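A closer look at the structure
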Amino acid sequence: MSTVESRTRIGAGVNRVDGPRKVTGTAPYPMDFSVPGQAYGALVQSTVAAGRIVRMHTEAAEAAPGVITVLTHENAPKVGTGPATVLGASPPSPLRDDRILHHGQHIAFVVADTPEQATAAARLVRADYEATEPLLDLQDPRAEQLVDPWGTDTSRGDAAAALKSAEVTLQATYTTADNTNNPLGLFATLAAWEGDALTVHDTSQWPSMVRTTLAMAFGIPESSVRVLVPYVGGGFGAGLRVWPHVILTAMAARMVNRPVKLVLTRPQMFTSIGHRPSGVQWLSVGATRDGELVALDHRSLSSLSMEDNDYEPFTWATSFAYRCPDVTTQDRQARLNIAVPTSMRAPAEAQGNFALESALDELACNLRMDPLELRRRNHADVDPRNGLPWSGKALLECYEVGARRFGWSERNPEPRSMRDGNWLVGYGMAGALFPYFAQPCAAQATVRRDGSAVVRSAATDIGTGTYTVMAQLAAEELGLSLDQVRFDLGDSDMPHSMMAGGSGLTGALGNAVHDACRRLLRQFAELARDDADSPLRGFSPDDMECTDGRIHPTGRPDLGEPYADILARHELTELTANGNSTPPVPTELGMSLAGAYGAKFVEVRVDADLGLIRVTRVVSVIDGGRILNEKTARSQIIGGTVGGIGMALLEDTATDPRTGRIANGTFADYLVAVNSDIPDLDVVFVGEPDRATATGTKGVGEVGLVGIAAAIANAVHHATGKRIRDLPITLDALL
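Now for a description of the structure that goes with this document. (Residues numbered from 1 in each chain as written. Predicted model: local features only at pLDDT ≥ 70, side-chain atom pairs only at ≥ 80, totals over all residues. Heavy atoms only, no water.)

On to the pairing of strand β14 (residues 279-287). With eight of nine residues buried, β14 lies mostly within the body of the structure. Relative to β14, strand β9 (residues 168-176) is paired through nine bridges, and the arrangement is antiparallel. Within the sheet, the bridge partner assigned to T173 lies in β14 and is W282. Here β14 folds back onto strand β15 (residues 293-305), and the loop between the two strands holds five residues, one of which, G291, carries a positive phi near 90°. (Buried < 20%, exposed > 50% of the residue type's maximum accessible area, 1.4 Å probe, protein only. Helix = DSSP H or I, 4+ residues; strand = E, 2+ residues; numbered from the N terminus. Pairing = 2+ DSSP bridges.)

Here the focus is the packing of aromatic side chains. Across all of its chains, the model carries 14 aromatic pairs by this definition. Considering the side-chain rings of Y174 and F354, the 5.9 Å spacing of their centres and the 85° angle between planes classify their relative orientation as edge-to-face. Within this pair, whereas Y174 is found in strand β9, its partner F354 is found in helix α9 (residues 349-367), the two being separated by 180 residues in sequence. On the basis of relative accessible area, F354 is assigned to the buried category, the value being 0%. (Phe/Tyr/Trp six-rings, centres within 6.5 Å; stacked < 30°, edge-to-face > 60°.)

The next subject is the sheet that holds strand β27 (residues 613-623). The five strands lie next to each other as β17-β18-β26-β27-β28, forming an open sheet whose pairing is mixed. This sheet does not close on itself; its edge strands, each paired only once, are β17 (419-420) and β28 (681-686). Set on the sheet, helix α11 (residues 395-406) makes contact with β18 (423-434), β26 (596-607), β27 and β28; between it and β26 the angle comes to about 30°. Helix α16 (residues 630-649) rests against β27 and β28 of the sheet, and its axis sits at about 125° to β28. (Contact = heavy atoms within 4.5 Å. Axes fitted to C-alpha atoms, helices over the stretch in contact; angles between N-to-C directions.)

Let us look at unusual backbone geometry. For the peptide bond that leads from L727 to P728, omega is 0°, which places it in the cis range. For P728, the position within the fold is in the segment after α17 (708-720). In this structure, D548 is a non-glycine residue whose phi angle is positive, near 50°. Within the secondary structure, D548 is located in the loop between β22 (544-547) and β23 (550-553). By relative accessible area, D548 is classed as exposed at 59%.

Pairing is possible between side chains that carry opposite charge, provided their charged atoms lie close to one another. For the structure on display, the rule yields 42 salt bridges. Across the salt bridge formed by D493 and R211, the nearest N and O atoms sit 3.2 Å from each other. Highlighted residues: D493 in the loop between β21 (485-488) and α13 (505-529) and R211 in helix α5 (residues 207-218), separated in sequence by 282 residues. A relative accessible area of 46% places D493 in the partly exposed class. The structure contains a network of salt bridges with shared partners spanning R96, D97, R99 and E307. (Salt bridge = Lys/Arg side-chain N within 4 Å of Asp/Glu carboxyl O.)

This part takes up the sheet that holds strand β2 (residues 51-57). Here we have three strands laid out as an open sheet, ordered β4-β2-β6, and antiparallel in their pairing. Since the sheet does not close on itself, it has two edges, and those belong to β4 (99-100) and β6 (126-131), each with one partner. Pairing analysis gives six bridges linking β2 to β6, with the strands arranged antiparallel. Looking at the pairing, R55 lines up with D128 of β6.

With respect to the element layout, S492 can be found in the loop between β21 and α13. Taking the relative accessible area as the measure of exposure, S492 reaches 2% and is therefore buried. Among the polar contacts listed, one links the side chain of S492 to the backbone nitrogen of V227, at a separation of 2.8 Å. Excluding residues within four positions of it along the chain, S492 makes contact with P207, R211, V225, R226, V227 and A458. (Polar contact = N/O pair within 3.5 Å; in protein donor to acceptor, adjacent residues only side chain to side chain.)

Worth remembering: the numbers are spatial, not functional.
As structure tokens, this is what we get:
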């Protein structure tokens, strides 16, 4: 059974179906929810980065107006630890003991009748510490190092020997700063118990995982936990874990037998919900004089908290990004007295790509070769790890289209050769990829007596357009107009979904929606086949398709009937089917899963006297497989590009090297890219549907950021002649 291939619902730049609610202020974000009788929570955080608590002083807070209770490690019930996931272990449970592992650690939780009372009382809580010297320097030799913590290190051939015999070699060290996710919406949790049943409104990109974690923490069945996240308010990866404040809120609600609501402050966001880990990378490249890569040795060291396991293999993608016979990649993590790192948009690849694509630009300069030609010459036509063809890869087309649209051929290759008045003009480019990622996913599709459809899954829409593209896909599969389909999400009672992250949700959920809709169509066809009153009696379900809400034999739209008629004759109010998807296995497909690819071209202008940098043009050409909605996909690339500009030029979470306190933990001090920093952004999609899955999608949420930092750094070198290997690039480095 199939739907008609000439549909126009997929690919078109459809407006967001949730757009009206967002622009009118009626979309309910986690901090907007309230229930009768709720109390309010406020956090108390440590003022040292390492040591232990000698004594907690809570008497003044407990006596303050409206205070119900003050939780500390001395009176908080012990709770279980959440599960390990594909992204690492669950963060440590809160208020476990008297140890302090980082500045800003939660050491008390005040519950009061109003948020003002809770906040005022929290300021009255004091702690006496036995402080010790914190480990804060990534390369401190005292810091414990984890070697190959995730089993992702690779070795192909003999990179060390190939480097020794290479005609041209390059060795360089690159550093990337700690960035903080900083979504616009403050993270919030509202927890309410009814007996042993727990309902939670939370800021999360993964409701199904929050449900599992809370059930494990409190020793109750998953069926007793419901997590609601209809809208998120942004996440960029910060919502992929269940943070200690979520556990604390549920714990407090259970203890006081009242619903409890907590909204983090902006400074608390810097220490409570993760951050991109800082890192240092060492890259050695060997090549022939005509630019053929013969060796790559890429090693990294990134920051990790004292008791956590964050998945961040900086160097992994280097093993298959280019054709090269001898490759070694190695990742290490150093345990420090810092808040728990987490995924931030384009995790690992944002950092790893900066080093690799900067090094290739340096190599091209040393070879006096066009950086674009160097990349073309070393394009990996097949997966270098196993020799399998890619499921879909249009990177060469990305290069070609991007160079043409950008005007790359007009570039004078000599550094400091292009000028406009006092502005030094530089052109830079970088290749980009984000590896394929997916997890099992489920969806449910229902068609009702009125001919409308409802499709459900416990996914979230963090602003990527999931509400819209899944409604489009369901409408396509069911042969309905978009206004006849509603997609429901953000409820853990719905079919299990993977996280909204890693550019994996659109593909995994889309395939589950595809499966559910196909199964539902088959159920309708089977009902009609055995119905003496149906014009479709006797027709095989395998020879059916659907157009405008009517099931009919393939190519015979005149011979069919609407869903509503089939339901009415069988006295059914609705018909429902469940669908699932699991990640494809490359060896079974005979193909390597390609992920998304892209080419980024950037023009910068640098003030010759002041070192001020302005990004004046960006062209991003993306192979994202089948694009379900070009408008929302383009928005994702634009957002990623803005994040990449911030990573390259502005963002740096500054930690005091003596105390471990974050010194710029507000929007007044932490710099993010704003409208005046961003030029018009040109985004183009190329390529064909990916062959690995039924829907042909890849996901583009992460790849939009990848490559931007390297392209900017390469453009800055072209403009100034100065090679900057440390992010962010600040004007003092250019003076």
